[in-house]
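For reference, the chains in residue letters:
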Amino acid sequence: MKISASIFSDSEKDILTTINNLNSYNVDVIHVDCKDRLSIFDDIKTMRENSSLPIDLHIITDNPEKYYSGIIEYNIDYVTFQYEDLKEKKLSIPREFKGKIGLGITTLTDISVFDSYKSSFDFILMMATIPGESGGQFDKTNFKKIRDFRKLYPDKKIHVDGGVNAEVSFILRNMGVYLSVSGSYLFNSTSIGSALLNLKLNEIKSHFLVKDFLQPADNSPIIKNFELTLENLLVTIKEGGLGFAVVLGDNDNFTGIIGNADLRNGLLENVDNLNNLEMNGIINTSPLVINENMNVHEMLQFIKNQTKPIMYLPVINDQNKFVGTVSFLNLIKGEL
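Computed from a predicted structure; not experimentally measured.

Engineer: So, the overall build of the protein chain: which residues are in play, and what are the values?
Structural biologist: Assigned secondary structure in the protein chain consists of 12 helices and 15 strands. Referenced to the eigenvectors of the C-alpha coordinate spread, the extents of the protein chain come out at roughly 75 × 45 × 35 Å. A separation of at least 24 residues holds for 62% of the contacts in the protein chain among residues at least 6 apart in sequence. Of the roughly 16,600 Å² of accessible surface on the protein chain, a fraction of 47% belongs to carbon and sulfur atoms. Once the 33 positive and 43 negative side-chain charges of the protein chain are each reduced to a mean point, those two points are 3 Å apart.

Given below as structure tokens:
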């Protein structure tokens, strides 16, 4: 996941000093907030003259057209227009612009508004706090919006801005977010370098529980015990795309899982006569699971205590009901 440093969050230093600091710490992108002022291109000119870092420009305006010539002239890499402020919702971006275009939405705006832009826009920017204002706590309802958007628009990138600290950054990376904007957390830290490392690799204090960001049960690969046949299992694993299926017993109690390895071993043991394959015999009835009320720190400590790599974890509640899945596929894939 790329880190986009919100340059105007560093209010104690002049813009040139901040640019040089961001250059030295190898930040991925410079984020620029623009509350409807064309003079923003004077600042962008300074950035272009003193840095080769990509520029991520977030424009809040009711008249996007007046910015078109500037974003073309300065070859802006990422441009976001804030949906709620647009008078005319239909935008005609000039063909001369070669960067990526995104739509910014606040927490209260439904992701369905992106549907009108999906043919020409490259990404969505989810504002987890108030647009254009530095600081504030990440609104956890955006975790569900991220999951829903990925399901509806799998080919589009997701950017997130607002309340991104080390813990939130870990969750966003794990959910496959492409870029996150950091302002207050990055510049208010003792060292930009250590804060950047936390955003990319680590986690600190926990404020979110597993149930806040898990992939819910209705989006997880589930098969009922009474439906457990080889064909049904293969279909469930294939359609789930996670490499396993959750098996539920009576009253939908969590029975266990069948992973690719469990299935493969069962097939090998009965390769001469698959009719002898006992499906209940290949269920892993004591897999690693986590409780929905674990926080991020507890989950990571649990993972670190295991001797084998973990690609996914089923999540249960206090009543042993399956409530969802946490998959680490995006981390394992290198967050590409």
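Engineer: Give a detailed account of the packing of helix 9 (residues 230-240) against helix 10 (residues 260-269), specifying residues and quantitative values.
Structural biologist: In the contact formed by helix 9 and helix 10, the axes pass within 12 Å of each other and the chain directions differ by 150°. It follows from the interaxial angle that helix 9 and helix 10 lie roughly antiparallel. Note that helix 9 runs across helix 10; the crossing there is left-handed. Listed contacts from helix 10 to Leu 230, Leu 233, Leu 234 and Ile 237 of helix 9 are Asn 260, Leu 263 and Leu 267. When grouped by side-chain class, the residues that make up the contact of helix 9 with helix 10 number 6 nonpolar, 1 polar and no charged.

Engineer: Could you give an account of the sheet that holds strand 11 (residues 244-248), naming the residues involved and the relevant values?
Structural biologist: Strand order across the open sheet formed by 3 strands is 10-11-12, with mixed pairing between neighbours. The sheet is open, and its two edges are formed by strand 10 (222-224) and strand 12 (254-259), each paired on a single side. Taken pair by pair, the neighbouring strands of this sheet meet at an average axis angle of 30°, ignoring direction. Pairing of strand 10 with strand 11 involves 3 bridges; the strand directions are parallel. Opposite Ile 222, over in strand 11, you have Val 246 as the bridge partner.

Engineer: How would you summarise the pattern of salt bridges if you had to cite specific residues and measurements?
Structural biologist: Evaluation of the coordinates by the stated rule reveals 8 salt bridges. We note a salt bridge from Arg 37 to Asp 43, for which the minimum N-O separation is 3.0 Å. Judged by relative accessible area, Arg 37 falls into the partly exposed class, the value being 32%. On the accessibility criterion, Asp 43 (18% relative accessible area) is buried. The partner of Lys 144 in a salt bridge is Asp 148, and the shortest N-O contact between them spans 2.7 Å. A residue pair is termed a helical-turn pair when its members lie 3 or 4 positions apart in one helix, as Lys 144 and Asp 148 do in helix 4 (residues 141-152) at 4 residues. Note on Lys 144: relative accessible area 47%, which makes it partly exposed. For Asp 148, a relative accessible area of 25% corresponds to the partly exposed category.

Engineer: Requested: an account of the side chain of Asn 317, with residues and values cited.
Structural biologist: Checked against the element boundaries, Asn 317 lands in the loop between strand 14 (312-316) and strand 15 (322-327). According to the relative accessible area criterion, Asn 317 is buried, its value standing at 13%. Within the structure, the side chain of Asn 317 is placed 2.9 Å from the backbone nitrogen of Gln 319, a separation counted as a polar contact. Within polar-contact distance, the side chain of Asn 317 engages the backbone nitrogen of Lys 321 at 2.9 Å. Sequence-distant contacts of Asn 317, that is, excluding residues within four places in its chain, are made with Asn 291, Glu 292 and Val 323.

Definitions and limits used
Residues numbered from 1 in each chain as written. Predicted model: local features only at pLDDT ≥ 70, side-chain atom pairs only at ≥ 80, totals over all residues. Heavy atoms only, no water. Helix = DSSP H or I, 4+ residues; strand = E, 2+ residues; numbered from the N terminus. Contact = heavy atoms within 4.5 Å. Areas by Shrake-Rupley, 256 points an atom, 1.4 Å probe, with all protein chains shown as cover. Lys, Arg positive; Asp, Glu negative; His and termini not counted. Charge placed at Lys NZ, Arg CZ, Asp CG, Glu CD. Axes fitted to C-alpha atoms, helices over the stretch in contact; angles between N-to-C directions. Parallel < 35°, antiparallel > 145°, perpendicular 65-115°, else oblique. Left-handed = near helix turned anticlockwise from the far one by under 90°. Nonpolar A, V, L, I, M, F, W, Y, C, P; charged D, E, K, R; others polar. Pairing = 2+ DSSP bridges. Salt bridge = Lys/Arg side-chain N within 4 Å of Asp/Glu carboxyl O. Buried < 20%, exposed > 50% of the residue type's maximum accessible area, 1.4 Å probe, protein only. Polar contact = N/O pair within 3.5 Å; in protein donor to acceptor, adjacent residues only side chain to side chain.

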